Amino acid sequence: MDESDDKTRWRRYQQSQSSNEALDNDEKEKFLFDKALERFSQNRSASLEDELDSDNVSSTNTKYTKSYHTAGGTKVNISVMRCGSTEHLSASGNKLRLDFSKMSTVGDLGDSPGSIQSGSSSGSGSPQLSVVKGAGGMQNFKATLSKYAGYIQQYVVTLKSACLSEKAYALDEIHRIVRQAWNLPVIGRDLAYGLCEVLRSSGGLDVLIDNCSNPSSDLRLQAARALEQCLSTNNRNHLVEVGLEGVVNTACTRGEPAMARVGTGIIESLFKHSEDTCTKVVKLGGLESILLHSRSQDNVTLRHCAAAFANLALYGGADNHQLMISQNVPEWLFPLAFSKDDSTRYYACLAICCLAANKEIEAAVKKSGTLELVESFLLSHDPQEFGKSDESHRHGRSKDWLKLLVPALTSTREEARSLAAFHFAMEASIKKRQNRLELFYEIGAIDALKQVASSPNRLAGKFAAEALRIIGEDIPHKLTLQVPLWTTEDVLQWVKQVTVRAEPVNRAHLTHFLFV
């Protein structure tokens, strides 16, 4: 676009705004479109070159479209769609919102609604989530929560009253803001939980749940995407109470790759609610959907499937374990445990270990061969580094989730003990950054970790000792596998582990026994 022509049109537009003169609609739309496109290109460091003549430009009352080629030769169709006083610019799946009432600041990008706003996570125009700077940690957190809670509330109002395209935009923004909150280090979990509370208390969660059954497939997808990010503990409770069937039916939709990503994520989250909810979701087709999508080639979908299996193994109870065996889940976990994606491998290994801890199905689990893949994963990964490697476990697991994993520390299966110890070492490093180490005492994990740390199991003992060291506990005396070489201290430690008596062991009597 010619620079002098641009300035002339901008001057005419400003004059028309101040003098209330009518500006030719076509000229106005073309001007705003070119300005938005210019900003779109700058925001994304894109190199868009208009290689087509004016015949390729179309303008109607509701749509204005222009074809471009990128520097790499890819054709991009960019369109503006009108919705009331607001227009939506779309290009390659990204969206910008142009509000005519704010176009006097077209050259400025802020983080408040209006001006130019991006619906993609990389757009500079939308409210990019960052911590508000202030006096200190708690003040900064409260200011940040208050700021973005305001955006969530505005988008909820839009969802309740706006036209279809405005609703789609609001859903995209809710999804993006909450997702960015989860991705923030340290405070991300608390910030995301706070935003989820605001969403539910403002009625937004109910709107998301309702729109998961919307006749429009596009709106259903966008509502499900937003819902997946907003399923905090309390929001899961609410969903289970008011709209479980409709959401699960949408999540199990087949034939749509985009919905497969979202749907498996929703089912993964619902499988960590309760045993009863697991049973309901399985009956509604949740397990069948996870099994179907575990054949996918998409890493995100496979990651959700592996985590869903792990959650069902933890929360599902004996009846669902039997159902998982009848559906050949251990065999399906084998290729997942071979995935190139570390998170998929990890949760597949976790799932098989949790199933193996059930003595009634241990033989069937062992027969699949998946247990044999656990040790190789543990030997090639560091728990503290692994905890930082993926957003799916960056903030760790909940208190209830970890409490269900504690029995695996005392499992008769060495693989289960080792993987559980690995996970607790990872969680200890995460909870230390969050100042939440007291959680391990509340769930009764300390004694179990000490028992593993002092056991002859080399791998499990190493990870358990690492967890205790991070928590700040003393590392217990470690036993050797060569029992004939045990010292008195070794035997005393062994007795502490295996005895069920309440009275203390008499050291003198034990020494005499060993001597004899």
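Conventions and cut-offs
- Residues numbered from 1 in each chain as written.
- Predicted model: local features only at pLDDT ≥ 70, side-chain atom pairs only at ≥ 80, totals over all residues.
- Heavy atoms only, no water.
- Helix = DSSP H or I, 4+ residues; strand = E, 2+ residues; numbered from the N terminus.
- Buried < 20%, exposed > 50% of the residue type's maximum accessible area, 1.4 Å probe, protein only.
- Contact = heavy atoms within 4.5 Å.
- Areas by Shrake-Rupley, 256 points an atom, 1.4 Å probe, with all protein chains shown as cover.
- Salt bridge = Lys/Arg side-chain N within 4 Å of Asp/Glu carboxyl O.
- Disulfide = S-S within 2.5 Å.
- Axes fitted to C-alpha atoms, helices over the stretch in contact; angles between N-to-C directions.
- Left-handed = near helix turned anticlockwise from the far one by under 90°.
- Nonpolar A, V, L, I, M, F, W, Y, C, P; charged D, E, K, R; others polar.
- Expected span 1.5 Å × (residues − 1).
- Parallel < 35°, antiparallel > 145°, perpendicular 65-115°, else oblique.
- Phe/Tyr/Trp six-rings, centres within 6.5 Å; stacked < 30°, edge-to-face > 60°.
- Lys NZ or Arg CZ within 6 Å of the ring centre and 35° of its normal.
- pLDDT = per-residue confidence, 0-100.

Looking at the overall build of the chain
- Looking only at helices and strands, the chain features 26 helices and seven strands.
- The buried share among the 516 residues of the chain stands at 52%.
- Pairs at least 24 residues apart make up 59% of the contacts formed inside the chain by residues separated by at least 6 positions.
- Split by element, the accessible area of the chain, about 23900 Å² in all, is 49% carbon and sulfur.

Examining the pattern of salt bridges
- According to the stated counting rule, one finds 16 salt bridges in the structure shown.
- Residue Arg 303 pairs with Asp 390 through a salt bridge whose shortest N-O separation is 2.9 Å. Of the two residues, Arg 303 is situated in helix 13 (residues 299-315) and Asp 390 in the loop between helix 19 (383-388) and helix 20 (399-405); the sequence distance between them amounts to 87 residues.
- One salt bridge connects Lys 431 with Glu 427, and the closest N-O pair in it is separated by 2.6 Å. A residue pair is termed a helical-turn pair when its members lie 3 or 4 positions apart in one helix, as Lys 431 and Glu 427 do in helix 21 (residues 414-433) at four residues.
- Counted as one network, the salt bridges with shared partners bring together Lys 359, Glu 362, Arg 413 and Glu 415.

Considering the state of the cysteines
- Counted according to the given criterion, the structure contains zero disulfides.
- Looking at Cys 353, it has no disulfide partner, and the nearest cysteine sulfur is the one in Cys 349, 6.6 Å off.

Topic: the packing of helix 7 (residues 217-229) against helix 10 (residues 257-270)
- At a minimum axis distance of 9 Å, the contact between helix 7 and helix 10 shows a crossing angle of 35°. Handedness of the crossing formed by helix 7 with helix 10: left-handed. Taking contact as the criterion, the partners of Arg 220, Leu 221, Ala 224, Arg 225, Leu 227 and Glu 228 in helix 7 are, on helix 10, Ala 258, Met 259, Arg 261, Val 262, Gly 265 and Ile 266.
- Per-class residue counts for the contact of helix 7 with helix 10 are seven nonpolar, one polar and four charged.

As for helix 16 (residues 342-356)
- The end-to-end C-alpha separation of helix 16 is 21 Å, in line with the 21 Å expected for 15 residues at 1.5 Å each.
- Where burial is concerned, most of helix 16 is hidden: 14 out of the 15 residues are buried.

Some remarks on the packing of helix 4 (residues 164-183) against helix 7
- At a closest axis distance of 8 Å, the pairing of helix 4 and helix 7 adopts a crossing angle of 25°. Comparing their axes, helix 7 and helix 4 come out roughly parallel. With respect to the hand of their crossing, helix 4 and helix 7 are arranged in left-handed fashion. In this structure, helix 4 contributes Leu 164, Lys 167, Ala 168, Leu 171, Asp 172, Ile 174, His 175, Val 178, Arg 179 and Trp 182 to the contact, and helix 7 contributes Leu 219, Gln 222, Ala 223, Arg 225, Ala 226 and Gln 229.
- Tallied by class, residues from the contact of helix 4 with helix 7 come to nine nonpolar, three polar and four charged.

Points about unusual backbone geometry
- Its identity is not glycine, yet Asn 328 carries a phi of approximately 60°, on the positive side.
- Position of Asn 328 relative to the elements: it lies in the loop between helix 14 (317-326) and helix 15 (329-337).
- Using a relative accessible area of 42% as the deciding quantity, one classes Asn 328 as partly exposed.
- Even without being a glycine, Asn 435 presents a positive backbone phi close to 55°.
- Relative to the helices and strands, Asn 435 is located in the loop between helix 21 and helix 22 (438-442).

Describing the packing of aromatic side chains
- Within the structure shown, the criterion is met by 13 aromatic pairs.
- Between Phe 334 and Phe 338, the ring centres sit 5.2 Å apart and the planes meet at 65°, which makes this aromatic pair edge-to-face.
- Judged by centre distance (5.2 Å) and plane angle (90°), the rings of Phe 422 and Phe 463 are edge-to-face. Here Phe 422, found in helix 21, pairs with Phe 463, found in helix 24 (residues 458-471); they are 41 residues apart in sequence, far enough to count as distant. Each member of the pair, Phe 422 as well as Phe 463, is classed as buried.
- Through pairs of rings, three or more aromatic residues link up here, namely Tyr 346, Tyr 347, Phe 377, Phe 386, Phe 422 and Phe 463.
- The ring centre of Tyr 193 lies 4.7 Å from the NZ or CZ of Arg 189, which sits over that ring.
- Above the ring of Trp 401, the side-chain terminus of Arg 397 is found at 5.4 Å from the ring centroid.

Overview of the confidence of the model for the chain
- Taken over all residues, the pLDDT of the chain has a mean of 77, while the share at 70 or more is 67%.
- Of the regions scoring below 50 in pLDDT, residues 39-63 engages in 56 contacts with residues more than four places distant in sequence or in other chains.
- pLDDT under 50 marks residues 91-125. Its contacts with residues more than four places away, or in other chains, come to 112 contacts.

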